[in-house]
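# A closer look at the structure
Spelled out, the chains give:
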Amino acid sequence: LDAETRRLLGVVLDDVRRLEGIPPGPAPADSTPGGLEALAVRFEAEHPSLAASLRQVADVLGKAGI
């Protein structure tokens, strides 16, 4: 993974930890509030077919109440 992807994944990990009530690790100096969205956009651009499949899975799980 390149440096930007690693940084964005760190931001996502901290967001998940925060949502679960786990104190986040040290934040990267250049983290941004839109890190998760930026990571999603980048993933969509680099892996469009996989992103579409993941959206379908998430939709099915959401409809199932999971």
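A short tour of the structure in this document, coming up.

The rules we used
- Each chain has its residues counted from 1, running along the sequence as written.
- Under the rules for a predicted model, residues below a pLDDT of 70 receive no local features and side-chain atom pairs below 80 are neither given nor counted, while totals for whole chains, interfaces and linings still include all residues.
- Side-chain measures were taken over the full set of non-hydrogen atoms in the model, leaving aside hydrogen atoms and water.
- Every helix listed is a DSSP run of H or I at least four residues long, and every strand listed is a run of E at least two residues long, numbered separately from the N terminus.
- The length a helix should cover is 1.5 Å for every residue beyond the first.
- Orientation is described by axes fitted as lines to C-alpha atoms, over the contacting stretch for helices, and by angles from 0 to 180 degrees between their N-to-C directions.
- An angle below 35 degrees is treated as roughly parallel, one above 145 as roughly antiparallel, one from 65 to 115 as roughly perpendicular, and anything else as oblique.
- In this scheme the crossing of two helices becomes right-handed for a clockwise turn of the near helix relative to the far one and left-handed for an anticlockwise turn of less than a right angle.
- Should any heavy atoms of two residues lie within 4.5 Å, those residues are counted as being in contact.
- In the scheme used here, Gly and all other residues not listed as nonpolar or charged are polar, with Ala, Val, Leu, Ile, Met, Phe, Trp, Tyr, Cys and Pro taken as nonpolar and Asp, Glu, Lys and Arg as charged.

Here helix H3 (residues 48-63) contains 16 residues, and its C-alpha end-to-end distance of 23 Å stays within 8% of the 22 Å for a straight helix at 1.5 Å per residue. One or two positions beyond H3, positive phi appears at Gly65, with a value near 80 degrees.

Next up on the list: the packing of helix H1 (residues 3-19) against helix H2 (residues 35-46). As a packed pair, H1 and H2 sit with axes 8 Å apart at the nearest point and diverge in direction by 130 degrees. Comparing their axes, H2 and H1 come out oblique. Of the two elements, H1 crosses H2, and the hand of that crossing is left-handed. Along its contact with H1, which presents Glu4, Thr5, Leu8, Leu9, Val11, Val12 and Asp15, the element H2 presents Gly35, Leu36, Ala38, Leu39 and Arg42. Its residues assigned to classes, the contact of H1 with H2 shows 7 nonpolar, 2 polar and 3 charged.

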